Amino acid sequence: MCKSCAHSIPLCDCKIIENSGVICQNRKRKSSPVYSFSRKSNVCECIVADRPHNSVHREENKVKSKILIVDDAELNRELLKEILKEDYEILEADNGEIALKVLEEEHENISAILLDLIIPVMDGFGLLKLLNEHHLISKIPVLVISGENSIQNEQKCFDYGISDFIGKPFNAKLVRKRVQNAVDIYSYKNHLEKKVQEQTVVLQDAYQKLKGQSDLLKRRHQQIIDVLATVVESRNLESGINA
């Protein structure tokens, strides 16, 4: 029992605050309630304050972006998964054909692809070619897993539109940074493209409205000209008859 506040709390840690009363808080138990103080008629008492219902950690509520790792070496997939699992939900494929099926189902939810070039069934270059044909490489960043420094392969990969390389052996900090940079850049790029498309639709609607108004004004202008022409012609006829 707490001597300062007479509250029967295990491991209670009370603090005396001058001219304020007693603050009692069980700091040693994470699951314990929050305690505050009140002062009524010079008597200090502990009041149990409910924790906010929304006190769940943001990390628990946050929906993780998805990363697709395409590599036939299970060890490589496990290492990359261990490096990235805190920030991303990991999808895996051990050949190009399976990767393509995953992309067909999840392409709208995948934030990046980590691709090894030497994989069975369909190699990395074959998958890159299909990503280009389906215009996915402009929406999803591709980082190539590479253990060699072949300038020819690097040039070919960049020609296909990849974002970056991840070298072997893996450096955890570099892997996380390269992946995050690629995801952020594409996220911002896709956001801007979406805004441009939305603005384009708005401008097209405005143009159609202005065009409709312009056509209406032209018709009314022509109607006025026709009416004036009819009036002039009638007066000419009347003048000829009177003459």
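This is a predicted model, so every value here is computed, not measured.

A. Quick peek at the overall build of the protein. When helices and strands are counted, the protein shows six helices and nine strands. Burial analysis of the protein (243 residues in total) assigns 28% to the buried set. Contacts spanning at least 24 positions in sequence make up 49% of the contacts within the protein whose residues lie at least 6 apart. When the accessible area of the protein is evaluated, it comes to approximately 17300 Å², of which 52% is carbon and sulfur surface.

B. Seen up close, the sheet that holds strand E8 (residues 142–146). A sheet is described by the order of its strands in space; here five strands give the open sequence E6-E5-E7-E8-E9, paired in parallel fashion. Taken across any chain shown, the strands that pair with only one partner, and hence form the sheet edges, are strand E6 (88–93) and strand E9 (164–167). Put simply, the sheet's adjacent strands are angled 25° from each other on average, direction ignored. Two strands pair when backbone bridges link them, and strand E5 (residues 65–70) and E6 are joined in this way by six bridges, in the parallel orientation. Its bridge partner being in E6, Ser65 is matched across the sheet by Tyr88. Contacts from helix H2 (residues 74–84) reach E5, E6, strand E7 (110–116) and E8 within the one sheet, and its direction differs from that of E6 by about 170°.

C. Molecular detail of unusual backbone geometry. Omega for the peptide link from Lys168 to Pro169 comes to -5°, which places this bond in the cis form. Structurally, Pro169 is set in the loop between E9 and helix H6 (172–242). Here Val121, not a glycine, exhibits a phi torsion of approximately 65°, which is positive. Relative to the elements of secondary structure, Val121 occurs in the loop between E7 and helix H4 (124–133). Judged by relative accessible area, Val121 falls into the exposed class, the value being 61%.

D. Region of interest: H4. Every buried residue of H4 is listed here: Gly124, Phe125, Leu127, Leu128 and Leu131. Summarising the axial view, the buried residues of H4 lie within an arc of 160°, below the 170-degree limit, and thus occupy one face. Two residues or fewer after H4 comes His135, characterised by a positive phi angle close to 60°.

E. Representation of the side chain of Asn95 in the model. Examined against the element boundaries, Asn95 turns out to sit in the loop between E6 and helix H3 (96–106). For Asn95, a relative accessible area of 10% corresponds to the buried category. Among the polar contacts listed, one links the side chain of Asn95 to the side chain of Asp94, at a separation of 3.2 Å. Setting aside its immediate chain neighbours within four residues, Asn95 contacts Val70, Ile119, Pro120 and Val121.

F. Structural view of the packing of H3 against H4. Following both chains from N to C, one finds H3 and H4 inclined at 25°, their axes separated by 9 Å at the closest point. By the angle between their directions, the pair H3 and H4 is classed as roughly parallel. Here H3 and H4 pass one another in a crossing that is right-handed. For the pair H3 and H4, contact is made by Gly96, Ala99, Leu100 and Leu103 and by Leu127, Leu130 and Leu131, respectively.

G. Expanded view of the confidence of the model for the protein. Scored by pLDDT, the protein has a mean of 78; 73% of the residues are at 70 or more. Scored below 50 in pLDDT, residues 55–59 makes one contact in the model with residues more than four places away or belonging to other chains.

Rules and cut-offs
Residues numbered from 1 in each chain as written. Predicted model: local features only at pLDDT ≥ 70, side-chain atom pairs only at ≥ 80, totals over all residues. Heavy atoms only, no water. Helix = DSSP H or I, 4+ residues; strand = E, 2+ residues; numbered from the N terminus. Buried < 20%, exposed > 50% of the residue type's maximum accessible area, 1.4 Å probe, protein only. Contact = heavy atoms within 4.5 Å. Areas by Shrake-Rupley, 256 points an atom, 1.4 Å probe, with all protein chains shown as cover. Pairing = 2+ DSSP bridges. Axes fitted to C-alpha atoms, helices over the stretch in contact; angles between N-to-C directions. Arc of directions from axis to C-beta. Polar contact = N/O pair within 3.5 Å; in protein donor to acceptor, adjacent residues only side chain to side chain. Parallel < 35°, antiparallel > 145°, perpendicular 65-115°, else oblique. Left-handed = near helix turned anticlockwise from the far one by under 90°. pLDDT = per-residue confidence, 0-100.

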